[in-house]
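# Inside the fold
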Amino acid sequence: MGLNTSADTPLPVGEVSRLIGSWIDRLGAVWVEGQITQLSRRPGAGVVFMTLRDPSHDISVSVTCYRQVFDAVADVVSEGARVVVHAKPEWYAPRGQLSLRAAEIRPVGVGELLARLEQLKKALAAEGLFAPGRKKPLPFLPQLIGLVCGRASAAERDVLENARHRWPAVRFEVRNVAVQGVHAVPQVVQAVKELDGLDDVDVIIVARGGGSVEDLLPFSDEQLVRAVAACRTPVVSAIGHEPDNPLLDHVADLRASTPTDAAKKVVPDVGEELERVAHLGERARRCVEAFLEREERGLAHALARPCMERPHRMVEEREEQVTAYVDRARRTLGHLLDRAESELTHTHARVVALSPAATLQRGYAVLQKQGGSVVRGADEVADGEALRARVAEGEFSVRVDL
């Protein structure tokens, strides 16, 4: 509505309400699905008043219908029932209140609900929310367990009693919520988010006893499924009994058939663990004893070997061998030295025999000119030339006479 208003020219409340009503009157009839939370059928009254609520959100709207419209489904519709209403929006100007005027009411059957759940299951599975690869392992011994359940319910009692019987020291952070009806989904989602935000909580259990398909619908709600998929803390679904299979079972990290089964799967049994520790201790002791016996036999076998009984035997055997090698080396070296000495003596004798001094000893002389050069032929000297004659026992001067 495009209206020209200002602080100086405001519209009266009645005019605003009338304009809103005229705009709503132009809306056509719509089909609306929801859950009846309040139902008022006053005796003798021609109009029935209801409140229709969205189970997944905290949103409600008032619905009115003529008595004959409601009487057509009065036998199958009551508070808490899921219905589809064909209604036209109406604006009640005196109170500024929006409501729906129902012309037809249809109950939502179980078959239709199951078909819708199957479609939602396929859509969520296609997104990968149910994939085994995204499921987180549970801790072996959780110190603090988050529990979402109904107030003073059998599910709460079963989980607490069985868990504490199995492990007395276990602690719980309990969130009591509505587990059916229009308030169930927002309260369960809020409780799961709160527990997931606590750093000390190691695992979260969502528990509820058995019930009809309609009673368990909140645990197949898309908003709850996505909230559990986004949790960083492992979540265990313990909804209903074995035949029950809400969508929460598929997205949870572990499904328990009952709340009691959830306590058994989440908390180890102290007696069983003590027995297992004793068994493992005995097994470890036997392994150590077998290892020591095997090593002792190996050590005894090693000590029985001759080299271990007489450690110096090997040295003694090698000593004789080394002595033999040393003697052999000495003999070889002596032979080499003797041979070298003989060859040296022989060579020295030859050198002495062939030396000029030996030649002089036999009566020869060497003639040298004044410059020291040796005279080898008669044509190398002149008549009367003075020469030096070298003999074995000295030298003297001579003169050439041609």
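Above this text you will find the structure in question.
Conventions adopted
- Residues numbered from 1 in each chain as written.
- Predicted model: local features only at pLDDT ≥ 70, side-chain atom pairs only at ≥ 80, totals over all residues.
- Heavy atoms only, no water.
- Helix = DSSP H or I, 4+ residues; strand = E, 2+ residues; numbered from the N terminus.
- Buried < 20%, exposed > 50% of the residue type's maximum accessible area, 1.4 Å probe, protein only.
- Contact = heavy atoms within 4.5 Å.
- Core = buried A, V, L, I, M, F, W, Y, C linked by side-chain atoms within 4.5 Å.
- Salt bridge = Lys/Arg side-chain N within 4 Å of Asp/Glu carboxyl O.
- Pairing = 2+ DSSP bridges.
- Axes fitted to C-alpha atoms, helices over the stretch in contact; angles between N-to-C directions.

Along the polypeptide, aspartate 215 turns up in the loop between strand E8 (203-208) and helix H6 (222-229). The partly exposed category is assigned to aspartate 215, whose relative accessible area is 24%. Put simply, aspartate 215 and glycine 181 are 34 residues apart on the chain and 7.2 Å apart in space, counted from C-alpha to C-alpha. In this view, aspartate 215 contacts Val179, Gln180 and Arg208; residues no more than four positions away in its chain are not counted.

This part covers helix H8 (residues 259-266). Buried residues of H8: Pro259, Asp261, Ala262, Ala263 and Val266, and no others. Elements in contact with the buried residues of H8: strand E6 (144-149), helix H4 (154-166), E8 and strand E9 (235-239).

Let's shift gears to the nonpolar core. Counting 30 residues, the largest nonpolar core has Val148, Val188, Val206, Phe219 and Val251 as its most contacted members. Here the element with the most residues in this core is helix H5 (residues 184-196); it accounts for six residues. Each residue touching valine 206, except ones within four places of it in the same chain, is listed here: Val148, Val188, Val192, Phe219, Val235, Val236, Ser237, Ala238, Ile239 and Leu248. Counting 19 residues, the second-largest nonpolar core is a separate cluster that includes Ile205, Ala207, Val236 and Ala262.

Bringing the side chain of threonine 51 into the picture now. Mapped onto the fold, threonine 51 is located in strand E2 (residues 47-54). Excluding residues that lie within four positions of it along the chain, threonine 51 makes contacts with Gln35, Ile36, Thr37, Gln38, Ser60 and Val61.

Summed over the entire model, instances satisfying the criterion amount to 18 salt bridges. In this structure, the salt-bridge partner of arginine 226 is glutamate 222, at a minimum N-O distance of 3.0 Å. Within this pair, arginine 226 and its partner glutamate 222 are both found in helix H6, separated by four residues, close to a single helical turn. Among the residues examined, arginine 226 registers a relative accessible area of 33% and is labelled partly exposed. The exposure class assigned to glutamate 222 is partly exposed, which follows from its relative accessible area of 34%. Across the pair glutamate 289 and arginine 285 runs a salt bridge, and its minimum N-O distance is 2.5 Å. Of this pair, glutamate 289 and arginine 285 both sit in helix H9 (residues 270-303), four residues apart, which is roughly one turn of the helix. According to the relative accessible area criterion, glutamate 289 is partly exposed, its value standing at 36%.

Here the focus is the pairing of strand E1 (residues 30-40). Pairing geometry for E1 and strand E4 (residues 82-92), over six bridges, is antiparallel. Opposite tryptophan 31, over in E4, you have histidine 86 as the bridge partner. Here E1 runs beside E2; their pairing, made up of five bridges, is antiparallel. What sits directly across from isoleucine 36, in E2, is leucine 52.

Here the focus is the sheet that holds strand E13 (residues 394-399). Here three strands make up an open sheet; going across it, the order is E11-E12-E13 and the pairing antiparallel. Where the open sheet ends on each side, the last strands, each with one partner, are strand E11 (366-368) and E13. Averaged over all neighbouring strand pairs, the angle between strand axes comes to 30°, with direction disregarded. Alignment of E11 against strand E12 (residues 386-391), held across three bridges, turns out to be antiparallel. Paired with glutamine 368 across the two strands is arginine 388, which belongs to E12.

Judged by pairing direction, the sheet is parallel, and its five strands sit side by side in the order E7-E6-E8-E9-E10 without closing on themselves. In this open sheet, the two strands that pair with only one neighbour each are strand E7 (171-176) and strand E10 (254-255). Two strands pair when backbone bridges link them, and E9 and E10 are joined in this way by two bridges, in the parallel orientation. Within E10, the position partnered with serine 237 by the bridge is arginine 255. Where H4 meets the sheet, it contacts E6, E7 and E8, and its direction lies at approximately 175° from that of E7.

As far as function goes, none of this settles anything; it's purely spatial.
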